[in-house]
Every structure is written in C-alpha cells, then in structure tokens.
Amino acid sequence: MGELRGVSYYPESFDEPMIVTTYAVSAADVLDFEAFLKDKDILSLVNRKDSDDFVTDYSPWGYSIVFDKSSVGGSRYETYNISQYKEYSDKDRKLLEEFNARFLGLQGKVISEVVIED
C-alpha cells in the first residue's frame, strides 16, 4: 500500500486552517497514475505561459506533484507545480479535468488528517 497526500492550501475563507489528509493508495493504483502522468505528459503543463488574468477575491486552484527520486539516485524530491494563472488551451483544460478526476479516484481510506493552524 502506498500513500497519497491531499492538501487543502486554499480553504474557503482566509481564517480557516490548512488540512493535510493522507490516503491509502494501492501500489497498482500508484503505478497506473504514474503511467497516466507520463502518457498524457501532464508535467508539460508547468511550462505554459503566465496568464494576465488575476482575481483578488478568490482562492485559485493549483496542484503540486512531488516525486521522491532518492531510490533511483536522483535528488530526494522533484516538485512540479501546475496553477490556475497560466494560459491553457481547451485541450489542456480537458486534460486537467481528467487529471483531477483520476487523482480524486485514487483516494482510499483516510490514514490521517492533520489540521495546521496559522
């Protein structure tokens, strides 16, 4: 069994705490998700141009994908950030929808939930 961390960085309002939830995920599901990331070249989305759009009264969405590469001789962690304020094509947006659905589908039994207050 692997683990998946779901983190709420942007609560519904500024005065709510951040919640870090860890879910159980089978090794097969982790491998399947990793294959999806590679097959669909999800990580290329980090290279999109910055958008001129910006909203100040709204919590933007974002994903951080972190790989532990130490077992294959790489640096301990490699992080890729995909965020709202980029210029995404319609094809990119459909891919992001599929990414989100697959990610949410991985969430198995809750292992732990930690509330982090400011």
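Residues numbered from 1 in each chain as written. Predicted model: local features only at pLDDT ≥ 70, side-chain atom pairs only at ≥ 80, totals over all residues. Heavy atoms only, no water.

Some thoughts on helix H2 (residues 90–106)
Working note: α-helix, 3.6 residues per turn, so residues spaced by three or four point in the same direction. Taking 1.5 Å per residue as the helical rise, H2 with its 17 residues ought to reach 24 Å, and the 25 Å between its terminal C-alpha atoms agrees with that figure. All buried positions along H2 are accounted for by Asp 92, Leu 95, Leu 96, Phe 99, Phe 103 and Leu 106. All buried residues of H2 lie within an arc of 105° about the axis, which places them on one face of the element. The outward face of H2, more than 90 degrees from its buried face, is lined by the exposed residues Asp 90, Lys 94, Glu 97 and Gly 105. (Helix = DSSP H or I, 4+ residues; strand = E, 2+ residues; numbered from the N terminus. Expected span 1.5 Å × (residues − 1). Buried < 20%, exposed > 50% of the residue type's maximum accessible area, 1.4 Å probe, protein only. Arc of directions from axis to C-beta.)

Notes on the pattern of salt bridges
Under the defined criterion, the tally for this structure stands at 4 salt bridges. A salt bridge links Glu 34 to Lys 38; the nearest nitrogen and oxygen atoms lie 3.6 Å apart. Taken together, the positions of Glu 34 and Lys 38, both in helix H1 (residues 27–39) and 4 residues apart, correspond to about one turn of that helix. (Salt bridge = Lys/Arg side-chain N within 4 Å of Asp/Glu carboxyl O.)

Describing H1
For H1, built from 13 residues, the straight-helix expectation of 18 Å at 1.5 Å per residue is met to within 8% by its first-to-last C-alpha distance of 18 Å. Residues of H1 that are buried sit in contact with strand S3 (62–68) and H2. One or two steps after H1, the chain reaches Asp 41, where phi turns positive at roughly 55°. (Contact = heavy atoms within 4.5 Å.)

Here we look at the environment of Ser 112
Secondary-structure assignment places Ser 112 in strand S5 (residues 110–116). For the pair Ser 112 and Tyr 23, spaced 89 residues apart in sequence, the C-alpha separation works out to 7.2 Å.

Some thoughts on the packing of H1 against H2
Interhelical geometry of H1 versus H2 gives an angle of 170° and a closest axis separation of 11 Å. On the basis of the axis angle, H1 is roughly antiparallel to H2. Where H1 abuts H2, its residues Asp 29, Asp 32, Phe 33, Phe 36 and Leu 37 lie against Glu 98, Phe 99, Arg 102, Phe 103 and Leu 106. Taken together, the residues of the contact of H1 with H2 break down into 6 nonpolar, no polar and 4 charged. (Axes fitted to C-alpha atoms, helices over the stretch in contact; angles between N-to-C directions. Parallel < 35°, antiparallel > 145°, perpendicular 65-115°, else oblique. Nonpolar A, V, L, I, M, F, W, Y, C, P; charged D, E, K, R; others polar.)

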